[in-house]
Amino acid sequence: MSEEYKLSCFKTFKMFNRAAYALLLILCLLTRGSEITKSNFFMFYYLGAFLFMLLADEFIFRPKHNKFPYLFLDIRVYLYPILIAVGTAFCDVPGVFLVVLLSLIIYLTCQDLVFTDVFNTFGNYVKRIIIGFICGALILYVQYRKDITGVWILVSVVSLVLFICMLMFIYHSHYITVSHLDDRYTRLYFKNADMISENKKLLHFQERVEKVNSEINYQKINLTKANDDLAKINEEIVSLIGVMKYFSASFNVENNAHKMLENVVEIKQTGAVALYLDKDVYMNEEPYLEVISDNAVAETLLKQDIENIYNTILRRKSVNPLVICDNYDFKYPYLTGGNLCNAVVFPAYENENIYGVMVVTSSKYDFFENGYAFYESSIMDFTSALISDRLYLQTEDMAKKDGLTKIYNRIYFNQFYPELKDEVEKSGDVFTVCMLDIDHFKRVNDTYGHLAGDEVIKAVAKVDNDFAKKYNGTAVRYGGEEFLLILRGKGVEETLKILQEMHEIIKNNVIEFEDFKIQVNSSMGIACFPETCSDIHDVLDRSDKAMYYSKEHGRGRITIDGREGEEYK
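Residues numbered from 1 in each chain as written. Predicted model: local features only at pLDDT ≥ 70, side-chain atom pairs only at ≥ 80, totals over all residues. Heavy atoms only, no water.

Caption draft 1: The overall build of the chain, seen in detail. In terms of helices and strands, the chain carries 14 helices and 14 strands. Along the three orthogonal principal directions, the C-alpha set of the chain runs to about 190 × 45 × 45 Å. Here the chain holds 569 residues, and the buried ones make up 43% of them. As displayed, the chain offers around 31200 Å² of accessible surface, 57% of which is attributable to carbon and sulfur atoms. Considering the chain, the positive charge centre built from 60 side chains and the negative charge centre built from 76 side chains are found 15 Å apart. (Helix = DSSP H or I, 4+ residues; strand = E, 2+ residues; numbered from the N terminus. Buried < 20%, exposed > 50% of the residue type's maximum accessible area, 1.4 Å probe, protein only. Areas by Shrake-Rupley, 256 points an atom, 1.4 Å probe, with all protein chains shown as cover. Lys, Arg positive; Asp, Glu negative; His and termini not counted. Charge placed at Lys NZ, Arg CZ, Asp CG, Glu CD.)

Rendered as C-alpha cells:
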C-alpha cells in the first residue's frame with residue numbers, strides 16, 4: 001500500500017477505534033452491573049485493558065505523525081490480542097463477551113493488514129498462527145479447561161484450528177485482493193505510462209503541427225502581401241501605360257506634366273506632389289512649376305523651396321533620389337513646418353543632365369517603404385515624352401515663327417487670325433490691331449548692308465515681342481520690315497499708351513553693328529473693334545491704312561484709325 005493511502009487510514013482507524021473501545025467499556029460495565037458475571041476482577045481488568053488500548057491508539061494514530069510507526073504497529077498486533085486473551089485465564093468471562101473478544105481480535109488483526117507491505121511471506125503466516133493459537137488457546141481452552149473432557153477436547157482443538165484458519169483466510173483473501181489490485185494497478189500504470197508517452201508524442205506532433213500551421217499562416221500572410229504588392233504593381237504599370245498613351249497623343253509638355261502628377265497622386269495617394277522644370281527645357285523661356293496638393297501649407301512650402309531644392313540637386317550632381325525627410329527626420333532645411341512625415345526628390349534628367357525635379361511628400365509613416373520605382377518610372381516616361389514633344393515643338397516652331405526674329409510669321413498669322421476674330425466676335429471682347437513699319441529701312445540696307453538690316457529687324461521684333469508678352473498679346477512679323485501687335489481686351493486709349501511707350505523704346509534704341517551705331521524710328525497705326533470700326537474683318541486693313549498715314553505724314557508717329565488728324569509720338 002502507498003504511504004498516502006496508509007496516512008489516509010490513520011484518521012479513519014482512530015475514529016472507529018474510539019467508538020469500538022467506548023462500546024467495549026460500556027459493555028464491560030453492563031455485564032458486571034447486570035451481574036451476568038460477579039467477578040470484579042473481570043470488570044477492572046477489561047476496563048483497564050480497553051482504556052490502555054484507547055490511550056495507546058491515541059499515541060500511535062496521533063495526527064502529527066509524518067512517518068509510519070512500524071515498530072508500534074508490530075507490537076500492537078501482538079500485544080492487544082494477547083492482552084485481551086490473557087484476562088480470560090484469570091476470571092470467568094460470559095460466553096457472549098467471549099464472542100465480542102474474539103471479534104475484537106479479528107478486527108485488530110484486520111487493521112494490521114492495511115499496514116502490511118509484503119504479502120505471502122512465511123513470517124506473515126507465522127504471525128497469524130501465533131496470534132490465533134495463543135488467543136484461541138487462552139480463550140477457548142483455559143476458560144473452559146474444567147469442562148473440557150473427552151470429546152470436548154477434540155471440539156476445543158477443532159474450534160482453535162477454525163479460529164486460526166479464519167485469521168489465515170482473512171489474511172489470504174486480503175492478500176489475493178491486494179495482489180489482484182496490484183496487478184491491475186501495474187497494468188494501469190504501464191498503460192498510463194504508455195498513454196503519457198503517446199500524449200507526449202501527440203503533444204510533440206501537435207507542436208509540430210502548430211509550428212507548420214504558423215509557418216503556413218505566415219506564408220499565407222506573405223503570399224497575401226505579395227499578391228497585394230503584385231496587384232499594386234500591376235495597377236501602377238497599367239496607370240503608367242495609360243499615361244504613356246496620353247503622352248503619345250499629346251505634344252503639350254505642360255499638359256503631360258499635369259497628367260503625370262495627377263497619376264502619381266491618384267495611384268500613390270500622396271499628400272502633395274510638385275514638378276519644377278528649368279527654363280529652355282522645352283522652349284519655355286521661364287521655369288515651369290506645378291503643384292498638386294490637398295494641403296495649402298504644403299503647397300506654399302513647395303512653391304517657396306522648390307527652386308532651392310532644384311539647385312541642391314544640381315550641386316549634388318547625382319540622378320539618384322534625394323531624401324529630404326524620412327519619418328519626420330529632416331535631412332535638409334526644406335519643407336519644414338508643414339507637418340510632413342516623408343519627402344523625396346526625384347531628379348528629372350536627360351543623358352545624365354538634370355533639367356528639373358519632382359518632389360513627392362506625404363504625412364503617412366513609412367510612405368516610401370515599397371521603394372521609388374514607380375516615381376522614377378513616371379519621371380523617365382515624362383522625359384521620353386518631353387524629348388518627343390520638344391522635337392515636335394521645335395518643328396512646329398520653325399513652321400510658325402520667323403527664322404530671323406523668332407516671332408510668329410505671316411503664314412501662321414493667316415492660320416490663327418481668322419479663328420481669333422471668330423472667338424472675339426462671339427465673346428464681344430474689345431480687339432485692337434497695331435501695325436508697325438521701320439522708317440527708312442531701305443536706306444539702312446543700302447548704307448550699312450543687309451546684315452545690319454537684319455540686326456535692326458531683330459531689335460524691333462524683340463521690342464514687339466516683349467510688349468506682346470507683357471500685355472498678353474501676339475507679335476507677328478507681317479512683312480519685310482512690318483510688324484503686328486495684336487491686343488485682346490484693350491481699347492484705343494489703353495493701346496495708345498502702350499504704343500507710345502513702345503515707340504519711345506524703339507526710337508531710343510541704338511543698334512550697334514560692327515563699327516556703326518544705327519538709330520531707328522518707326523511708324524505705327526491703330527485700329528480697334530468696335531471702337532474705330534464696326535466690322536471686325538476690317539480691323540487689320542484699317543490699321544494698315546492708319547500706319548501708311550503715319551508714313552506719308554512725316555513718319556515717326558502713331559496714327560489712330562478715324563483720327564488721322566491727331567498726331568501722337
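Caption draft 2: Quick look at the sheet that holds strand S6 (residues 353–362). On the basis of which strands lie adjacent, the open sheet formed by 6 strands has the order S2-S1-S6-S5-S3-S4 and antiparallel pairing. Strand pairing shows two members of the sheet lacking a second neighbour, strand S2 (288–293) and strand S4 (329–330), which therefore form its edges. Inspection of the sheet shows strand S5 (residues 342–350) paired to S6 by 9 bridges, in the antiparallel sense. Considered in S6, the bridge of Tyr 349 is made with Ile 354. Contacts from helix H7 (residues 253–268) reach strand S1 (272–277), S2 and S6 within the one sheet, and its direction differs from that of S2 by about 25 degrees. (Pairing = 2+ DSSP bridges. Contact = heavy atoms within 4.5 Å. Axes fitted to C-alpha atoms, helices over the stretch in contact; angles between N-to-C directions.)

Caption draft 3: Local environment of the sheet that holds strand S13 (residues 558–560). What the 6 strands build is an open sheet, ordered S8-S9-S7-S12-S13-S14; its pairing is mixed. Strands at the two margins of the open sheet, each flanked by one partner only, are strand S8 (474–477) and strand S14 (563–568). Neighbour-to-neighbour, the strand axes of the sheet open up by a mean angle of 20 degrees, direction not taken into account. Relative to S14, S13 is paired through 2 bridges, and the arrangement is antiparallel.

Caption draft 4: Structural view of unusual backbone geometry. The omega torsion across Phe 529 and Pro 530 is 5 degrees, close enough to zero to call that bond cis. Along the chain, Pro 530 turns up in the loop between strand S12 (522–529) and helix H14 (539–552). Phi is positive for Lys 317, close to 60 degrees, though the residue is something other than glycine. Summarising the element assignment, Lys 317 is placed in the loop between helix H8 (296–316) and strand S3 (322–326). At His 440, a residue that is not glycine, the phi angle is positive and equals roughly 55 degrees.

Caption draft 5: Structural view of the pattern of salt bridges. The tally for this structure, following the rule as stated, stands at 19 salt bridges. Of the charged contacts in the structure, one is a salt bridge between Arg 477 and Asp 402, with a shortest N-O distance of 3.1 Å. One end of the pair, Arg 477, is in strand S8; the other, Asp 402, is in the loop between helix H9 (373–400) and helix H10 (410–427), and 75 residues separate them in sequence. Here the two residues Arg 477 and Asp 402 agree in accessibility, since each one is buried. One network of salt bridges, with partners in common, ties together Glu 423, Asp 429 and Arg 488. (Salt bridge = Lys/Arg side-chain N within 4 Å of Asp/Glu carboxyl O.)

Caption draft 6: Examining the packing of H7 against H9 more closely. Two elements in contact, H7 and H9, have axes separated by 10 Å at closest approach and are oriented at 165 degrees. Considered as vectors, H7 and H9 are oriented roughly antiparallel to each other. You can see that H7 and H9 cross each other, and the crossing is right-handed. Across the interface between the two elements, Val 253, Asn 256, Ala 257, Met 260, Asn 263, Val 264, Ile 267 and Lys 268 from H7 touch Phe 374, Tyr 375, Ser 378, Ile 379, Phe 382, Ala 385, Leu 386, Asp 389 and Leu 393 from H9. Residue composition of the contact of H7 with H9, by class: 12 nonpolar, 3 polar and 2 charged. (Parallel < 35°, antiparallel > 145°, perpendicular 65-115°, else oblique. Left-handed = near helix turned anticlockwise from the far one by under 90°. Nonpolar A, V, L, I, M, F, W, Y, C, P; charged D, E, K, R; others polar.)

Caption draft 7: A look at the packing of aromatic side chains. This structure, assessed with the given rule, holds 26 aromatic pairs. Ring centres of Tyr 46 and Phe 50 lie 5.7 Å apart, and the angle between their planes is 35 degrees; on these two criteria the pair is classed as tilted. Linking Tyr 46 with Phe 50, this pair stays in helix H2 (residues 40–60), spanning 4 residues, or about one helical turn. One exposure class covers both Tyr 46 and Phe 50, and it is buried. Plain terms: the ring middles of Phe 346 and Tyr 375 are 5.1 Å apart, the flat faces sit at 20 degrees to each other, and that makes the pair stacked. Linking Phe 346 in strand S5 with Tyr 375 in helix H9, this pair joins segments that are 29 residues apart in sequence. Members of the aromatic cluster, each reached through a chain of ring pairs, are Tyr 408, Tyr 412, Phe 413, Phe 416, Tyr 417, Phe 431 and Tyr 478. In this structure, Lys 401 is placed above the aromatic ring of Tyr 408, and the distance from its NZ or CZ to the ring centre is 5.6 Å. (Phe/Tyr/Trp six-rings, centres within 6.5 Å; stacked < 30°, edge-to-face > 60°. Lys NZ or Arg CZ within 6 Å of the ring centre and 35° of its normal.)

Caption draft 8: Molecular detail of the pairing of S12. The buried count for S12 comes to 8 of 8 residues, which makes it a mostly enclosed element. Where burial is concerned, the two faces of S12 agree: the one with Ser 522, Met 524, Ile 526 and Cys 528 and the one with Ser 523, Gly 525, Ala 527 and Phe 529 are both buried. Judged from the 8 bridges that link them, strand S7 (residues 431–438) and S12 form a sheet pairing that is antiparallel. Residue Met 435 lies in a different strand from S12, and its bridge partner there is Gly 525. Read from S12 through H14 to S13, the crossover connection turns out left-handed. (Right-handed = clockwise from strand over helix to strand, strands pointing away.)

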